[in-house]
Amino acid sequence: MAAPEERELSAEQTEKLLQFQDLTGIESMDQCRHTLEQHNWNIEGLLGWGYYLIMLPFRFTYYTLLDIFRFALRFIRPDPRSRVTDPVGDIVSFIHMFEEKYGRIHPVFYQGTYSQALNDAKRELRFLLVYLHGDDHQDTDQFCRNTLCAPEVIALINTRMLFWACSTNKPEGYRVSQALRENTYPFLAMIMLKDRRMTVVGRLEGLIQPDDLINQLTFIMDANQTYLVSERLEREERNQTQVLRQQQDEAYLASLRADQEKERKKKEEREKKRRKEEEVQQQKLAEERRKRTLQEEKERRSECLPPEPHPDDPESVKIIFKMPNDSRVERRFHFTQSLTVIHDFLFSLKESPEKFQIEANFPRRVLPCLPTEEWPNPPTLQEAGLSHTEVLFVQDLTDD
């Protein structure tokens, strides 16, 4: 009668099975499982804490000495492959060796370090197929010639994934070998971004035919495609969120700049208004000072005027002034007085303009009442040819 089919173990039972084998040193996994099933998986009751405590010091001593021995051995006989000095050179050297031995028809090798391949696969959200080449293994040549260089395998790898490969005899390949912990050759590992980190999702070890390799690689990719799709969606959402945040930041900055520009213009307008008001105020003060100075000068000249001659004085001259506002002013002067006296008299009047000239009608002329280059000393009324009674016209020159 056929043996009953073995039931699949739970995670807890698997852990107990490994723990029991570790404690007892029994090499047969079937024997360990049979023993545990007989005792209803009660590993504590089976071994007892006493046995575990008795064996613990020996086990601790054994593994400690073993680790010390391995550590010392690395110093005595260091593996030359443990020092990676030119990882890209290791890759290029392996590719040249591969092409010399198996030809140029092969999957496209990634010509960069293992870390660079991981980063590119992560950035591009692609599968990364890693091949560790065991130069001395008996199945290596057959795998490379018949499987890895098969046209259908090349087409699958080149279209669906990145392909990184190196010999374990090279420092870069050895370093990756230490990380992936392969058991035999040929060795392939499928790596992808899963749960935000690069994860090995498939391991293929030993000689495999092209059809089987294609089926297994396809199965691994199909089984894990949803993770890449999910990551693409999350990345797209993050990118959209980032773009939206960037647009919001740009809009905020644009609004801020617009507000700052408005505030700058307002400040500029306020400053311009303030300067204008200040300028008006200064002009007003200057005008007030000018008028005050003018009034003081009028008063001073009025006080300095000689007294008006008596009407009966034969040397007196009666002058009637026609002002710019059509009013008339009358006063007597002496023939011997300078024309400057006439000017000072008119200047001292409230209704006279600030700047003016005095004109005679017959003949029509401007009287030189103020010193000029032509008349440094203005003439007297008699020298100016004025008669006993004159009508003179006051011409406003203020706007000029």
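So, how was this worked out
- Residues numbered from 1 in each chain as written.
- Predicted model: local features only at pLDDT ≥ 70, side-chain atom pairs only at ≥ 80, totals over all residues.
- Heavy atoms only, no water.
- Helix = DSSP H or I, 4+ residues; strand = E, 2+ residues; numbered from the N terminus.
- Buried < 20%, exposed > 50% of the residue type's maximum accessible area, 1.4 Å probe, protein only.
- Contact = heavy atoms within 4.5 Å.
- Pairing = 2+ DSSP bridges.
- Axes fitted to C-alpha atoms, helices over the stretch in contact; angles between N-to-C directions.
- Parallel < 35°, antiparallel > 145°, perpendicular 65-115°, else oblique.
- Left-handed = near helix turned anticlockwise from the far one by under 90°.
- Nonpolar A, V, L, I, M, F, W, Y, C, P; charged D, E, K, R; others polar.
- Salt bridge = Lys/Arg side-chain N within 4 Å of Asp/Glu carboxyl O.

Asker: For this particular structure, what's the right way to read the environment of Met 97?
Answerer: Note on placement: Met 97 falls in helix H4 (residues 87-102). The class of Met 97 is partly exposed, set by a relative accessible area of 26%. Along the backbone, Met 97 and Ser 167 are 70 residues apart, and their C-alpha atoms lie at a distance of 9.7 Å. Other than its neighbours up to four places away in sequence, Met 97 contacts His 133 and Asp 135.

Asker: Mind showing me how you'd approach the pairing of strand E3 (residues 187-194) here?
Answerer: Across a regular strand the side chains alternate sides, sitting on one face of the sheet and then on the other. For E3, the tally of buried residues reaches seven of eight residues, placing the bulk of the element in the interior. Bridging between strand E1 (residues 127-133) and E3 involves five bridges; their strand directions are antiparallel. Looking across to E3, one finds that Leu 128 is bridged to Ile 191. By the bridge criterion, eight bridges tie E3 to strand E4 (residues 197-205) in an arrangement that is antiparallel. Across the sheet, Met 192 pairs through a bridge with Thr 199, a residue of E4.

Asker: Please explain the packing of helix H9 (residues 210-304) against helix H10 (residues 339-348) as it appears in this structure.
Answerer: The relative placement of two packed helices comes down to the angle between their axes together with the axis-to-axis distance. At a minimum axis distance of 8 Å, the contact between H9 and H10 shows a crossing angle of 130°. Classified by the angle between their axes, H9 and H10 sit oblique to one another. Considering the relative orientation of H9 and H10, their crossing is left-handed. Counting all contacts with H9, which are made through Leu 294, Glu 297, Lys 298, Arg 301 and Ser 302, the residues of H10 involved are His 343, Asp 344, Phe 347 and Ser 348. Here the contact of H9 with H10 is composed, by residue class, of two nonpolar, three polar and four charged.

Asker: Just checking my understanding: could you explain the pattern of salt bridges for this structure?
Answerer: Pairing between side chains of opposite charge can happen when the charged atoms of each approach one another. A complete count under the given rule lists 23 salt bridges for this structure. Note that Glu 234 and Arg 238 form a salt bridge whose closest N and O atoms lie 3.8 Å from each other. Here the residue Glu 234 and the residue Arg 238 both occupy positions in helix H9, the gap between them amounting to four residues, near one helical turn. Taking relative accessible area as the criterion, Glu 234 reaches 30% and is therefore assigned partly exposed. Linked through salt bridges whose partners overlap, the residues forming this network are Asp 120, Arg 123, Glu 124 and Arg 126.

Note that every value here comes from positions in space, so none of it alone points to a role or purpose.
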